[in-house]
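# Tertiary structure, described
Below are the chains, spelled out letter by letter.
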Amino acid sequence: MIRIISPSMLSADFGHLDRDTRMIDASAAEWIHIDVMDGVFVPNISFGFPVMKAIRKASPKFMDVHLMIVEPEKYLKRFVEAGAGLVTFHYEATADPSAAIRMIKEAGAKAGISVKPATPVEVLESLLPELDLVLIMSVEPGFGGQSFIEGSWDKVRTLRRMIDRGGYPTLIEIDGGVSASNSAQLFDAGCDVLVAGSAVFSAPDPKAEILKMLE
Ligand code: DX5
Ligand code: ZN
């Protein structure tokens, strides 16, 4: 069984990005989650390549890049070149998801698609054979620190059934409002990767918090 924690660097202290990244590097988290926002697809702007480069310098861990941008095709290759092991774009942000998946794979990374809370996972049925990962947003994308949307449980279970029925190796990741209070249930419901921002970085002991999420 796969149980991965991917701390979202959006909640890190950018004044001490090097310190916070090294702290995650020394933790039980296997991945590092990078949230890229363009102010168009979501009503917020986060960071881009230079910040990603700084994070890469401080940790060799697997970089899980979550693109909340319009026209992701324009930048997929550059994110892979910047060190992304996985690039996830939004289903709602492109007219040709298959082409975007191909571009990511040709550039040498794993490919993921994310769905917003209002987008049913069923739209991904025909794409599952090509996808390394599906990211279910359990909050409206754009900001950390929001509450988990309860309707996400059904989406996880439905997607788990779809993946198991087809026998695909596709991973399920969930992002938004995840903490030690729901992590065990989320893994049990069929998630493979949990993203957590505020729960990790606002904890008095982030490394202990990550361990707690894996219990
Ligand atoms: C929100 C981002 C998330 C965010 C999660 O749009 O995709 O990765 O950082 O933050 P928390 O864990 O605080 O909900
Ligand atoms: Zn994210």
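Heads up: the structure comes first, above all this text.
What you see is a predicted model, and the numbers here were worked out from it, not measured in a lab.

### What to know about the nonpolar core
Judged by nonpolar contacts, the single largest core of 57 residues is most densely connected at M9, I24, I34, L159 and I174. Leaving out residues up to four positions away in the same chain, L159 has contacts with V121, L128, V134, I136 and I172. By size, the runner-up hydrophobic cluster in this structure holds nine residues, among which are I4, L86, L133 and L171.

### Some details on the sheet that holds strand β5 (residues 110–115)
The strand order across the open sheet built from eight strands is β1-β8-β7-β6-β5-β4-β3-β2, with neighbouring strands paired in parallel fashion. This sheet does not close on itself; its edge strands, each paired only once, are β1 (4–7) and β2 (31–37). Neighbour-to-neighbour, the strand axes of this sheet turn through a mean angle of 25°, independent of strand direction. Pairing between β1 and strand β8 (residues 193–196): four bridges, direction parallel. What sits directly across from I5, in β8, is L194. Sheet strands in contact with helix α2 (residues 49–58) are β2, β3 (62–68) and β4 (84–90), and its direction is about 165° off that of β3.

Rules used in this analysis
- Residues numbered from 1 in each chain as written.
- Chains lettered and ligands numbered in written order.
- Predicted model: local features only at pLDDT ≥ 70, side-chain atom pairs only at ≥ 80, totals over all residues.
- Heavy atoms only, no water.
- Core = buried A, V, L, I, M, F, W, Y, C linked by side-chain atoms within 4.5 Å.
- Buried < 20%, exposed > 50% of the residue type's maximum accessible area, 1.4 Å probe, protein only.
- Contact = heavy atoms within 4.5 Å.
- Pairing = 2+ DSSP bridges.
- Helix = DSSP H or I, 4+ residues; strand = E, 2+ residues; numbered from the N terminus.
- Axes fitted to C-alpha atoms, helices over the stretch in contact; angles between N-to-C directions.

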